[in-house]
Amino acid sequence: MDTKVDTSVHASPLGFWKRLLLSPNGIVGLVIVLGLIFCAIFAEHLAPHNPAKMGTGGRFLPPNSDFFLGTDEFGRDMLSRILYGSRITLLIGAVAVGISLTIGMLIGMLAAFRRGWIEAILMRSTDILFSFTETLIALSFVAVLGPSLQNAVIAVGVAGIPFYARTCYSAALVETSKPYFEASISIGSSPGRLLFFHLLPNVLPTMIVVATLGVSTAILAAAGLSFLGLGAQPPTSEWGYMLAGSRDYINRAPWLMTIPGLAIAVTVLGFNLLGDGLRTSLDPVERK
Amino acid sequence: MWHFLSTRLAMGFLTIWVTTIMVTLLIHAVPGDPVQIMYAQSQGTTPEQIEQVRRSLGLDRPIHIQYLMYMERLFQGDLGVTIRGGQPVLEVIFQRLPNTLMLAVTAMFIAILIGVPIGFLAAYREGTVIDIALMVLAIAGISMPHFWLGLMLLFFFALELGWLPVSGNSIMNLILPALTLGLSNAAIFARLTRSSMIDVMSQDFIQTAYAKGLPKALVLRRHVMRAGLLPVVTMMGLQFAFMMGGAIVVENIFSWNGVGRMAVEAIFQRDYPIIQGFILTFSVVVVVVAIAIDALYAVLDPRIRRA
């Protein structure tokens, strides 16, 4: 049996924040993500114009002092649309990851905790779904449910479940073999107590890292579906959808293409960097 | 090695078998009447015709009978006919599949040729400015949406500079989509190669190799490269699946006539036989490639080969 002292992250909660803020990836990621949340919350106050109002300015105005990011084919203000779009994007990321994370963690924890045939069935089916790849699962879901933003988010969320279940399963397996867990079993703790008071808090750090990195994957996937016309429908100011519309005006108004793409890239970069920073601050092996 | 491969093979068959079940169930998961929905877009379809289609698809039979009917036809190479045009689905897919495979394979070469040397260089210069710069580049590359990269490449190389055609299906047309798909995956290969090489370089047998006086170039080539590239080979199967998924989007940007573009069109037109055929083909391709790469891995890695 493993008798080494557990060097878990709980040993130094202060050290974690310090490490995160000192890692270049973590701090840049945190600033980008906080900035996005700020934009999303205060979109009404930050946006200079109504994002949905056509003819606010002329059509295809290049970026100028009135319209910092120019206007689109209907004369709508691009800056306002991008700002409101941050709301949709963050919501997409949160809901999709919420779906993958909750169901994935339940499957992973249950499989590691129950073992036996439950483990075999859950993990074998997870393996099979995993080899379908997320794109195919998401596409099949949209094919069945029909194109809409809501369906695209559900599709992306469901497509992520196998990955989260696998990761949670391997993290939970490690925990269930640790002395504290075996001790808790031997004093007769109820399954509910074992699952939610012992297993859950200890797999959570790993899953937070996975979920942070997962937000970027989910945002990319949903934007990709919207780009294909299988997600957000007009007149939503969803960035992937805006990017798809820009194709027709690529010569006339290249800013319609560069700006939403940049917005997606920066958002995804922010969550990737934050996830990277979290991983290095939580994982003592990576840190060196 | 045979045990390793037979497990993978069994898993592959299981995956394809589950796909056939899912594909049969797919049409039943559609909210409402699938036949009505499929024909909603074509005018002048009589109720008799709809009833006939329902019967020919076997939708009036119990679901397990439908599955057996589907499997029976599948073994005869019959994937049904398209709703629009009434062409055999298998024919439609086989016309386009080579285009998609060509795109994915070319992109894979680009990703490896760019990603692996960058990862190796970063690992070799670990901790230096070069390493940091390359890894910043890689994380930026991973964060970049490939559909955006595609549009930008289209804008600069096809429209601004006029060097390459915007769309079509010749070799020249392959360059931009393959570059789009390849570049966005090169970053993943770079990160993977770097961490794998760093891992290998810190191991005892590398110290031993240096200690017995082997020249650095030889240690790098014979020991570090060989051991460090193995995880990269393992990842190729998963990467190929990503490429196939990414091809769906990229084909649509560049109007490349592959199965991905066909699938998206079919979703819009509610052409379920094509969608079913696409899902099945996609998973067969991904499973076959994954098994081939596992076999390659087993041959390359003596620890598995001799097991």
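Residues numbered from 1 in each chain as written. Chains lettered and ligands numbered in written order. Predicted model: local features only at pLDDT ≥ 70, side-chain atom pairs only at ≥ 80, totals over all residues.

A.B. asks: Tell me about the interface of chain B and chain A, residues and numbers included.
C.D. replies: Each partner contributes to the interface: chain B provides 33 residues, whereas chain A provides 32 residues. Ranked by residue count, the leading element in the side of chain B that touches chain A is helix α12 (residues 272–300) of chain B, at seven residues. Tallied by class, the residues present in the side of chain B that touches chain A amount to 28 nonpolar, five polar and no charged. (Contact = placed C-beta atoms within 7 Å. Helix = DSSP H or I, 4+ residues; strand = E, 2+ residues; numbered from the N terminus. Nonpolar A, V, L, I, M, F, W, Y, C, P; charged D, E, K, R; others polar.)

A.B. asks: Tell me about the nonpolar core, and name the residues and values.
C.D. replies: The biggest cluster of nonpolar side chains holds 152 residues, and the ones touching the most others in it are Ala 138, Val 142, Val 156, Cys 168 and Ala 222 of chain A together with Ala 263 and Phe 278 of chain B. Looking at which element gives the most residues to this core, the answer is helix α4 (residues 78–114) of chain A, with 18 residues. Not counting chain neighbours up to four residues away, the residues in contact with Ala 222 of chain A comprise Ile 92, Ala 96, Ala 152, Val 153, Val 156, Gly 231 and Gly 240 of chain A. (Core = buried A, V, L, I, M, F, W, Y, C linked by C-beta atoms within 7 Å. Buried ≥ 20, exposed ≤ 12 C-beta atoms within 10 Å, placed from the backbone.)

A.B. asks: Could you give an account of the packing of helix α8 (residues 171–201) of chain B against helix α10 (residues 216–253) of chain B, with specific residues and numbers?
C.D. replies: All names here are of chain B. Running from N to C, α8 and α10 cross one another at 155°; their axes reach a closest spacing of 9 Å. Relative to α10, the element α8 lies roughly antiparallel. Between α8 and α10 lies a crossing of right-handed hand. Split into classes, the residues belonging to the contact of α8 with α10 amount to 17 nonpolar, seven polar and one charged. (Axes fitted to C-alpha atoms, helices over the stretch in contact; angles between N-to-C directions. Parallel < 35°, antiparallel > 145°, perpendicular 65-115°, else oblique. Left-handed = near helix turned anticlockwise from the far one by under 90°.)

A.B. asks: So what about unusual backbone geometry? Which residues, and what values?
C.D. replies: Outside of glycine, negative phi angles account for most residues, and trans bonds account for most peptide bonds. A cis geometry characterises the amide bond from Pro 234 of chain A onward to Pro 235 of chain A, with omega recorded as 5°. With respect to the helices and strands, the residue Pro 235 of chain A is situated in the loop between α9 (191–227) and α10 (239–246). Of note in the backbone geometry, Phe 60 of chain A takes a positive phi value of approximately 50° without being a glycine. Take Phe 60 of chain A: it is sitting in the loop between α3 (43–46) and α4. At Ser 255 of chain B, a residue that is not glycine, the phi angle is positive and equals roughly 50°.

A.B. asks: Any details on the packing of α9 of chain A against helix α11 (residues 255–282) of chain A? Residues and values, ideally.
C.D. replies: Residues and elements named next belong to chain A. Interhelical geometry of α9 versus α11 gives an angle of 165° and a closest axis separation of 9 Å. Considered as vectors, α9 and α11 are oriented roughly antiparallel to each other. Of the two possible hands of crossing, α9 and α11 adopt the one that is left-handed. The residues of α11 that touch α9, namely those facing Pro 205, Ile 208, Val 209, Thr 212, Leu 213, Val 215, Ser 216, Ile 219, Leu 220 and Ala 223, are Ile 264, Thr 267, Val 268, Phe 271, Asn 272, Leu 274, Gly 275, Leu 278, Arg 279 and Leu 282. Classifying every residue of the contact of α9 with α11 gives 14 nonpolar, five polar and one charged.

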